[in-house]
Amino acid sequence: MKKKILVADDETKIRDMVSSYLINEGYETIEASNGYEVIDQLKQNSIDLILLDIMMPGLDGYQILREVRQQNKKIPIIFLTAKSDEVDKLLGLEIGADDYITKPFSLRELLARMKAVLRRTSPDDEVDEEVIIRGDISIHLSKYEVYVSGKKVALTPTEFKILVALAQKPGRVFSRLQLMNIAMGEAYANYERSIDTHVSNLRKKIEEDPANPKYIQTVYGIGYRFGGET
């Protein structure tokens, strides 16, 4: 079945260019030219991934992303942004974006980013356990669900991948680059520092005290490991 991609950008030229390329690559596309159209399309269609421009009329990309995540929708979202400032990129990651790509961009790079995001959100991970239990945390692999003290928490696909990688091998130290490759694919090797933002978001969701984490522990100068009860 073809993956359905929502291409949301207020520039007709960009929408047409991206949609045409993706259709030729075997995807189905739906377009939206403003924030309200994005919300309408999400209500009417089952979307596999959103390519979302930040500077959208009506509702901007940040507002749309917050609304999608508040509804606990796990649709992967890649920001298309003319903003190259690191603060803008980190803000997108902090509120739940799975990745960002800065305009102007290569269509081949965009496709590589999309494939990496879609791979990590597919349910066919090669894992031995159906459920991983670590202390108060239980991770249901096939359902992509995480519970902390019996309460379900909503993780982004990237956060879920990071948690699974660490929880499967408690005590093992993973470098930032290793976690980036696991969670986001080889194409992201130059963006390994953004893993810190994903880890920070993850801690806020699963740790009782994110400032003093029990589970996702920092190994200074190297990366992260899973600690706590195993």
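Up top is the structure.
Figured I'd write up the structure that's included with this text. Bear in mind that the values here come from a model prediction, so they are computed numbers and not experimental data. Along each chain, numbering runs from 1 in the same order as the chain's sequence is written. Per-residue local features are limited, in this predicted model, to residues with pLDDT of at least 70; the limit for side-chain atom pairs, both in listing and counting, is 80 or more; totals at the level of whole chains, interfaces and linings are taken over all residues. As a rule here, side-chain values come from all non-hydrogen atoms in the structure, and water together with hydrogens is ignored.

1. A closer look at the overall build of the protein chain
Right, so step 1: Counting its regular elements, the protein chain contains eight helices and 12 strands.
Right, so step 2: Burial status across the protein chain gives 50% buried among its 230 residues.
Right, so step 3: For the protein chain, the exposed surface amounts to about 11,200 Å²; the carbon and sulfur share of it is 47%. Numbering goes from the N terminus for both helices and strands, where a helix is a DSSP run of H or I of at least four residues and a strand is a run of E of at least two. Relative accessibility decides the category of a residue: with a 1.4 Å probe and only protein chains considered, values under 20% of the type maximum give buried, values over 50% give exposed, and everything between is partly exposed. To be clear on the numbers: accessible area is Shrake-Rupley with a 1.4 Å probe, and residue cover counts the displayed protein chains and nothing else.

2. So, the side chain of Q41
Right, so step 1: Residue position: Q41 is located in helix α2 (residues 35-44).
Right, so step 2: With a relative accessible area of 18%, Q41 lands in the buried category.
Right, so step 3: Those residues in contact with Q41 that lie beyond four places of it in its chain are L6, I30 and E31. We call two residues in contact when some of their heavy atoms are within 4.5 Å.

3. Quick look at the packing of helix α7 (residues 176-184) against helix α8 (residues 195-206)
Right, so step 1: Running from N to C, α7 and α8 cross one another at 75°; their axes reach a closest spacing of 10 Å. It follows that α7 is roughly perpendicular to α8 by the angle criterion. Contact residues: α7 offers R176, L179, M180 and M184, while α8 offers I195, D196 and H198.
Right, so step 2: Only Asp, Glu, Lys and Arg are considered charged, only Ala, Val, Leu, Ile, Met, Phe, Trp, Tyr, Cys and Pro nonpolar, and every remaining residue, Gly among them, polar. For the contact of α7 with α8, the class distribution of residues is four nonpolar, one polar and two charged. Structural elements are reduced to axes, namely lines fitted to C-alpha atoms, with helices fitted over the stretch in contact, and the angle between N-to-C directions of any two is expressed from 0 to 180 degrees. Roughly parallel covers angles under 35 degrees, roughly antiparallel covers those over 145, roughly perpendicular covers 65 to 115, and oblique covers all other angles.

4. Side note on the nonpolar core
Right, so step 1: Residues enter a nonpolar core if they are buried and are Ala, Val, Leu, Ile, Met, Phe, Trp, Tyr or Cys, with the set joined through side-chain atoms within 4.5 Å. By size, the foremost hydrophobic cluster in this structure holds 29 residues, and its most contacted members are I139, L163, I206 and I216.
Right, so step 2: Looking at this core, the elements with two or more residues in it are β7 (137-140), β8 (145-148), α6 (157-168), α7, α8 and β12 (223-226).
Right, so step 3: Broken down by element, the residue count for this core peaks at seven residues, all from α6.
Right, so step 4: With sequence-adjacent residues up to four places away left out, L163 is seen in contact with I139, V146, L155, L202, I206, I216 and F226.
Right, so step 5: Counting 24 residues, the second largest nonpolar core, distinct from the first, contains A8, I30, V68 and Y100.

In short, the description is geometric, and any link to function would need to be established separately.
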